[in-house]
Amino acid sequence: MATHTLPALPYAFDALEPHIDAMTMQIHHDKHHQAYVDNLNKALAGSDGEFKTLEELMGNISAYPAAVRNNGGGHYNHTLFWTVLGPAGSGEPTCDLAAAINEAFGSLDALKEKMSTAGATRFGSGWSWLIVSDGKLQVSSTPNQDNPLMDIADVQGHPILGIDVWEHAYYLKYQNKRPDYLKAIWNVINWNEVAMRYKAAL
């Protein structure tokens, strides 16, 4: 049996209040993410992908059935998502990341607007991404549980910040008001983690 496991949430369920409520975090992490992990392990059992890393699977996802794409993507995306969020966030980007954001988008506010728009205009479920592609920052979005590491992604790159726009990420608090959730989430972005991912992606 494949051995993907659910990573522990790096903070308490209520740590992102009032921007993301404790019940949403608990259901999202303990139920939704756990289901992706369980279903990925089932889908990989006995296959050549059973002992591959998530990154290896994503990079060659076209070779695998839909269950691996959907659940592997769900596992990868959420594993990243929990780490780029944090209690009261961490201020604003600094140093190299701040300079790269200014170079690519003009300002942090412009990046926020671009990512929020990408998330708000994603029809149905999906993700909004800040990625490193050819050494440059870029914003993209993907449907369902796809991500920019996948060989089938329209825009490929290394994701350093992802925002979940599936309804289960915000529905209990924000109901159908996705733009309100997308505005609030900037209060809990862990820019230190994003900066580390940026450095690693280079």
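For the structure, check the block above.
Residues numbered from 1 in each chain as written. Predicted model: local features only at pLDDT ≥ 70, side-chain atom pairs only at ≥ 80, totals over all residues. Heavy atoms only, no water.

Looking only at helices and strands, one finds eight helices and three strands in the protein chain. Start at the N end of the protein chain and walk to the C end: the helices and strands fall as α-α-α-α-α-β-β-β-α-α-α. Taken against the 2.2 N^0.38 rule, which gives 17 Å for 202 residues, the C-alpha radius of gyration of the protein chain at 16 Å falls within 12% of a compact globule. Counting all 202 residues of the protein chain, 48% fall into the buried class. (Helix = DSSP H or I, 4+ residues; strand = E, 2+ residues; numbered from the N terminus. Rg over C-alpha atoms; globule rule 2.2 N^0.38 Å. Buried < 20%, exposed > 50% of the residue type's maximum accessible area, 1.4 Å probe, protein only.)

Moving on, we come to the packing of aromatic side chains. Per the stated rule, a full pass over the model turns up six aromatic pairs. With a centroid separation of 6.2 Å and an interplanar angle of 10°, the aromatic rings of W186 and W191 are classed as stacked. For W191, a relative accessible area of 3% translates into the label buried. Here a set of aromatic residues connected by ring pairs shows up, and it is made of F81, W82, W127 and W129. Above the plane of the ring of Y174 lies K173, whose end atom (NZ or CZ) is 5.7 Å from the centre. (Phe/Tyr/Trp six-rings, centres within 6.5 Å; stacked < 30°, edge-to-face > 60°. Lys NZ or Arg CZ within 6 Å of the ring centre and 35° of its normal.)

A few words on the packing of helix 1 (residues 22-44) against helix 3 (residues 66-84). With their axes 8 Å apart at the nearest point, helix 1 and helix 3 run at an angle of 140° to one another. Here helix 1 is positioned oblique relative to helix 3, judged by the angle of their axes. Handedness of the crossing formed by helix 1 with helix 3: left-handed. Seen from helix 1, the contacting residues are M25, H28, H29, H33, A35, Y36, V37, N39, L40, A43 and L44; seen from helix 3, they are A67, V68, N70, N71, G72, G74, H75, H78, T79, F81 and W82. Residues that form the contact of helix 1 with helix 3 fall into these classes: 11 nonpolar, 11 polar and no charged. (Axes fitted to C-alpha atoms, helices over the stretch in contact; angles between N-to-C directions. Parallel < 35°, antiparallel > 145°, perpendicular 65-115°, else oblique. Left-handed = near helix turned anticlockwise from the far one by under 90°. Contact = heavy atoms within 4.5 Å. Nonpolar A, V, L, I, M, F, W, Y, C, P; charged D, E, K, R; others polar.)

This part is about a nonpolar patch on the surface. Together, M23, I27 and L172 make up a nonpolar patch on the protein surface, roughly 290 Å² of accessible area in all. Relative accessible area serves as the criterion here: at 36%, I27 is assigned to the partly exposed category. (Patch = residues over 30% accessible without salt bridge, like charges linked within 9 Å, V, L, I, M, F, W, Y side chains within 5 Å. Areas by Shrake-Rupley, 256 points an atom, 1.4 Å probe, with all protein chains shown as cover. Salt bridge = Lys/Arg side-chain N within 4 Å of Asp/Glu carboxyl O.)

We now examine the nonpolar core. Of all hydrophobic cores here, the largest spans 54 residues; its most connected members are L137, Y181, I185 and W191. Per-element tally for this core: the top contributor is helix 3, with six residues. With residues up to four places along the chain from it excluded, the contact list for I185 reads I20, F81, L85 and I163. (Core = buried A, V, L, I, M, F, W, Y, C linked by side-chain atoms within 4.5 Å.)

A separate point is the pattern of salt bridges. Under the counting rule described, the total for this entry stands at three salt bridges. Where D146 meets R69, a salt bridge forms, and the shortest distance between an N and an O atom there is 2.7 Å. Residue D146 is found in the loop between strand 2 (136-143) and strand 3 (158-164), and its partner R69 is found in helix 3; the two are separated by 77 residues along the sequence. Of the charged contacts in the structure, one is a salt bridge between K136 and E103, with a shortest N-O distance of 3.1 Å.

Attention shifts here to the pairing of strand 2. Across eight bridges, the pairing between strand 1 (residues 126-133) and strand 2 is antiparallel. Of the residues in strand 2, the one forming a bridge with W129 is S140. Remark: two residues form the turn of the hairpin made by strand 1 and strand 2, two consecutive strands paired antiparallel; D134 in that turn has positive phi of roughly 50°. (Pairing = 2+ DSSP bridges.)

Taking strand neighbours across the sheet as the criterion, the three strands line up as 2-1-3 in an open arrangement whose pairing is antiparallel. Only two strands of the sheet have a single neighbouring strand rather than two, namely strand 2 and strand 3. Taken pair by pair, the neighbouring strands of this sheet meet at an average axis angle of 25°, ignoring direction. This element, helix 3, spans strand 1 and strand 3 of the sheet and lies at about 85° to strand 3. Of the strands in this sheet, strand 1, strand 2 and strand 3 touch helix 4 (residues 95-105), which is tilted by about 75° from strand 2.

In this structure, H4 sits in the segment before helix 1. Not counting residues within four places of it along the chain, the set of residues in contact with H4 comprises V37, L40, N41, L44, K52, L54, L57 and H75.

To continue, consider helix 1. Along its 23 residues, helix 1 runs 32 Å from first to last C-alpha, staying within 8% of the 33 Å computed at 1.5 Å per residue. Its axis deflected by about 30° at H28, helix 1 carries its strongest bend there. Summarising the contacts, the buried residues of helix 1 are in contact with helix 2 (54-59), helix 3, strand 3 and helix 6 (171-174). One or two steps after helix 1, the chain reaches G46, where phi turns positive at roughly 80°. (Expected span 1.5 Å × (residues − 1). Bend = angle between axes of the 7 residues up to and from the residue.)

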